[in-house]
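Survey of secondary and tertiary structure
The residues making up each chain are set out below.
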There are 2 protein chains.
Amino acid sequence: MSATVDHVPGELMAAEIVQQPDVLAGLITGSEKIGEAGARIAAARPRFVLIAARGTSDNAALYAKYLAEVRMQLPAGLASPSALTVYGASPDMRDVLFVAISQSGRSPDLIDSLTVARQRGALSVAVTNAPDSPLAHAAEIAVDVRAGAERAVAATKTYTAELLAMALLFTGDRAAHVAAPLPEAAARTLALTSDERLERLAARFRSTERIVLTARGYSHSTAREAALKLMETSYLSAHAFSGADLLHGPLAMIDRSVPVIAITSPGKGGDAMRPVLELLAELDTPVLRVGTEDGLPIAAEGIVEHLLPILEIMPLQRLAWRLALDRRLDPDRPRGLSKVTQTL
Amino acid sequence: MSATVDHVPGELMAAEIVQQPDVLAGLITGSEKIGEAGARIAAARPRFVLIAARGTSDNAALYAKYLAEVRMQLPAGLASPSALTVYGASPDMRDVLFVAISQSGRSPDLIDSLTVARQRGALSVAVTNAPDSPLAHAAEIAVDVRAGAERAVAATKTYTAELLAMALLFTGDRAAHVAAPLPEAAARTLALTSDERLERLAARFRSTERIVLTARGYSHSTAREAALKLMETSYLSAHAFSGADLLHGPLAMIDRSVPVIAITSPGKGGDAMRPVLELLAELDTPVLRVGTEDGLPIAAEGIVEHLLPILEIMPLQRLAWRLALDRRLDPDRPRGLSKVTQTL
């Protein structure tokens, strides 16, 4: 790229992180089309929801799965593209809502999976940041998350835009109204953790090579996406576990040398983390909490629980960015990765 | 426990690993009941499959999800118990086959999820190693994997028994016939990696703290289960990624200091790993392959691809056991874990 000469490490990621309140505001203001798509989905009365995605978008898919289960009251699962593409499965997809989420809309396995699902009777929806992409064209319903061009390889604004798009799509008529306070809350959330605080935290994690993230419910997606950001930008060995799964095995690898980031926003998911926090306290594990004043706070007031993951990830994006710079890495261009990943 | 005084570290896990050929043989010989359960499921003509599990059993659930998609040609997903238990979702489960897999049959969140699914119209199946457990009693159909008492905290024989039980349940009339050569192949697989070879491998991994496991298709479950075993027994930071997901981000954290274990058994899943192996070779990453002569071989001859995960995990169980002993840890009793995990 021609910008190489003047490139300041992390400048793209930093710029895209701060664009998020505007991206969310734009998506809410222009949400009629998503509202229409949601109405079409409701009219089709699907009985089962399958969501397919890779990488960051797969974390948005996990979020959307909880929305489908809790808000649409439908059984839901994450699709395994390889069942369709590698093994050539061709399941009966009538009454299935099949949603593929992809920033670029160009992942061949997602295009193929969605095409098979549509041929086999599913109502097919593509959620992309690229309305002219092959995935968007392959679907009956295309949702544009309208995040603008994302140039840093580590996705930030397309992730939160995907979360909000899924919430607008899956939570009914009043979804845009419910989301109205979100852009303001996002701006406040970004300001709540000062640069100084971020630097102090980065210093605390300077010699950390392993880190565990944990959450329950909607926030499980936050834990996974934050782990991916830390892996991509700082090459940390970052594990994400649901608070419940953590107790089934992975807990053994945690000791005082492995810091834990727990997402404990107000709500049912955060409440369900209490036994996990108690156990971590017994182990004397250092825990950084997202969603509390003394940890990485978010501006949760007036925001319904299912929208909180859109805020929770923001201080963690900033932390990943800061840790990468501290390690003299460029979070805009992680080694070995490119913006569009071609998996078959 | 009274056995503490005489306990030799790892003796339980070692004994249970070598019991696997007999456990598999017993399950095949006495498979009529599972065959009947499979026939009941087929007669009910479910249209969607949901599978709920935690820990090791969740890896069996991932395996079963591929079976449902590829062999039953049904859309399938892994259930999130917390959607039902934490958020009180109550989705319409008519035409859904809901399978809960649990060694102990005593995980409260699985019992609650299965109960809600059954009340809402699902055909409910419990797959356990405890036919008298509350989970088995809560389900319409109870499948006993008959692995015998498992005393090591790190599950081994219940895992492979769960895999085989799911294959017998999901792959039709001839499933027991197709599985007939498996016990013999399991015994040969356990013998293929000598103790000496295992010691040399353990020496190679002596200073390893981070490791990545990768696979595609059915073998994805092997990668995840092996990662869990390494975390539980040796406290390694072990990540498992599908070969496709690895290319979407996590690849950045891999360099020459992070060994990769790739499951590349013969078949479509192994074939689909070729681009991943090529990329890892470019990065000069040390790769240990499962399923090849020069890596950790398995006795794959005459075994259909969908049964290979039952063999693939065996040398990896042995490796996890060996690594734990090398680190002077007791794989029978990982810190912080107990055999039955109570998650709500």
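In the block above lies the structure referred to throughout.
So, here is what we can say about the structure in this document. (Residues numbered from 1 in each chain as written. Chains lettered and ligands numbered in written order. Predicted model: local features only at pLDDT ≥ 70, side-chain atom pairs only at ≥ 80, totals over all residues. Heavy atoms only, no water.)

**Points about the relation of the copies chain A and chain B**
Note the threshold: Each copy is superposed on the other by least squares, with the fit set by C-alpha atoms of residues at a pLDDT of at least 70 in both.
When chain A is brought onto chain B, the operation consists of a screw motion whose angular component is 180 degrees and whose axial shift is 0.0 Å, with 0.0 Å RMSD remaining. Taken together, the rotation angle and the small translation identify this as a two-fold axis. Taking C-alpha positions as reference, the residue of chain A nearest the rotation axis is Gly77 of chain A, located at 1.9 Å.

**Examining the pairing of strand β8 (residues 260-263) of chain B**
Residues and elements named next belong to chain B. Let me state the cut-off plainly: Under the scheme applied here, a residue whose accessible area is under 20% of the maximum for its type counts as buried, over 50% as exposed, and between as partly exposed, the area being computed with a 1.4 Å probe on protein chains only. Helix and strand definitions here come from DSSP, where helices need a minimum of 4 consecutive H or I residues and strands a minimum of 2 consecutive E residues; each element is numbered from the N-terminal end. At least two bridges found by DSSP between two strands are what make those strands a pair.
Neither face of β8 is open: one carries Val260 and Ala262, the other Ile261 and Ile263, and all of them are buried. Here strand β6 (residues 210-215) pairs with β8 via 3 bridges, running parallel. Looking across to β8, one finds that Leu213 is bridged to Ile261.

**Comments concerning the environment of Gly88 of chain A**
Residues and elements named next belong to chain A. Among the structural elements, Gly88 can be located in the loop between α5 (81-85) and β3 (96-102). Of the residues examined, Gly88 reaches a relative accessible area of 49% and is grouped as partly exposed. Sequence separation between Gly88 and Lys157 is 69 residues; the distance between their C-alpha atoms is 34 Å.

**Describing the sheet that holds strand β3 (residues 96-102) of chain B**
Residue and element names in this part refer to chain B. Going by this rule: Note on definitions: angles span 0 to 180 degrees between N-to-C directions of axes, and those axes are lines fitted to C-alpha atoms, for helices only across the stretch in contact. Throughout, a contact is declared for two residues whenever any of their heavy atoms are within 4.5 Å.
If you walk across this open sheet you meet the 5 strands as β2-β1-β3-β4-β5, and the pairing is parallel. Sheet topology places β2 (76-78) and β5 (141-144) at the edges, where each strand pairs with a single neighbour. Taking the axes of each pair of neighbouring strands and ignoring which way they run, one obtains an average angle of 20 degrees across the sheet. Relative to β3, strand β1 (residues 48-53) runs parallel, the two sharing 6 bridges. Bridged to Val49 within β3 is Leu97. In this fold helix α6 (residues 108-119) packs onto β1, β3 and β4 (123-128), with an angle of close to 165 degrees to the strand it touches most, β3. Against the sheet, helix α8 (residues 157-170) makes contact with β1, β3, β4 and β5, and its axis sits at roughly 160 degrees relative to β3, the strand it touches most.

**Overview of the interface of chain A and chain B**
Spelled out, the test is: The buried area of a pairing is the accessible area, by a 1.4 Å probe, that goes missing from both parts when the two are put together, added over both. Criterion for a salt bridge: a side-chain nitrogen of Lys or Arg within 4 Å of a carboxyl oxygen of Asp or Glu. Nitrogen and oxygen atoms within 3.5 Å of one another constitute a polar contact, given that in protein one can donate a hydrogen and the other can accept it, and given that sequence-neighbouring residues count only through two side-chain atoms.
Taken together, the contact between chain A and chain B spans 69 residues of the former and 70 residues of the latter. At the boundary of chain A with chain B, total buried surface from both sides reaches about 5600 Å², with 56% on carbon and sulfur atoms. Residue Asp245 of chain B pairs with Arg54 of chain A through a salt bridge whose shortest N-O separation is 3.5 Å. Here chain A and chain B share 27 residue pairs in polar contact (both at pLDDT 80 or more) between them. Mapped by element, the contributors of at least two residues to the side of chain A that touches chain B are β1 (48-53), α4 (55-70), β2 (76-78), α5, α12 (220-234), β7 (237-242), α13 (243-246) and α14 (268-271) of chain A.

**A look at the packing of aromatic side chains**
For the record, the criterion: Note on aromatic pairs: the rings of Phe, Tyr and Trp (six-membered ring only in Trp) are paired at centre separations within 6.5 Å, and the planes decide the class, stacked below 30 degrees, edge-to-face beyond 60, tilted for the rest.
Scanning all chains against the criterion turns up 7 aromatic pairs over all chains. Note on Tyr66 of chain A and Tyr218 of chain A: the rings are 6.1 Å apart at their centroids and 55 degrees apart in plane angle, and the pair reads as tilted. Of this pair, Tyr66 of chain A sits in helix α4 while Tyr218 of chain A sits in the loop between β6 (210-215) and α12, and the two are 152 residues apart along the sequence. Neither residue differs from the other here; Tyr66 of chain A and Tyr218 of chain A are each classed as buried. By the ring-pair criterion, three or more aromatic residues cluster together here, those being Tyr63, Tyr66 and Tyr218 of chain A together with Tyr87 of chain B.

**Focus on the packing of helix α12 (residues 220-234) of chain B against helix α16 (residues 308-326) of chain B**
Residue and element names in this part refer to chain B. Put simply, the test is: An angle below 35 degrees is read as roughly parallel, one above 145 as roughly antiparallel, one from 65 to 115 as roughly perpendicular, and any other as oblique. Two helices that cross are described as forming a left-handed crossing if the nearer one is turned anticlockwise from the farther one by less than a right angle, and a right-handed crossing if clockwise. For this classification, the nonpolar set comprises Ala, Val, Leu, Ile, Met, Phe, Trp, Tyr, Cys and Pro, the charged set comprises Asp, Glu, Lys and Arg, and every other residue, Gly included, is treated as polar.
One way to put it is that α12 packs onto α16 with a least axis distance of 9 Å and a crossing angle of 15 degrees. In terms of orientation, α12 lies roughly parallel with respect to α16. Between α12 and α16 the crossing geometry is right-handed. Contact with α12, carried on its side by Ser221, Thr222, Glu225, Ala226, Lys229, Leu230, Thr233 and Ser234, involves Pro309, Glu312, Ile313, Leu316, Ala320, Leu323 and Ala324 of α16 and no other residues of that element. A breakdown of the residues in the contact of α12 with α16 according to their chemical character gives 8 nonpolar, 4 polar and 3 charged.

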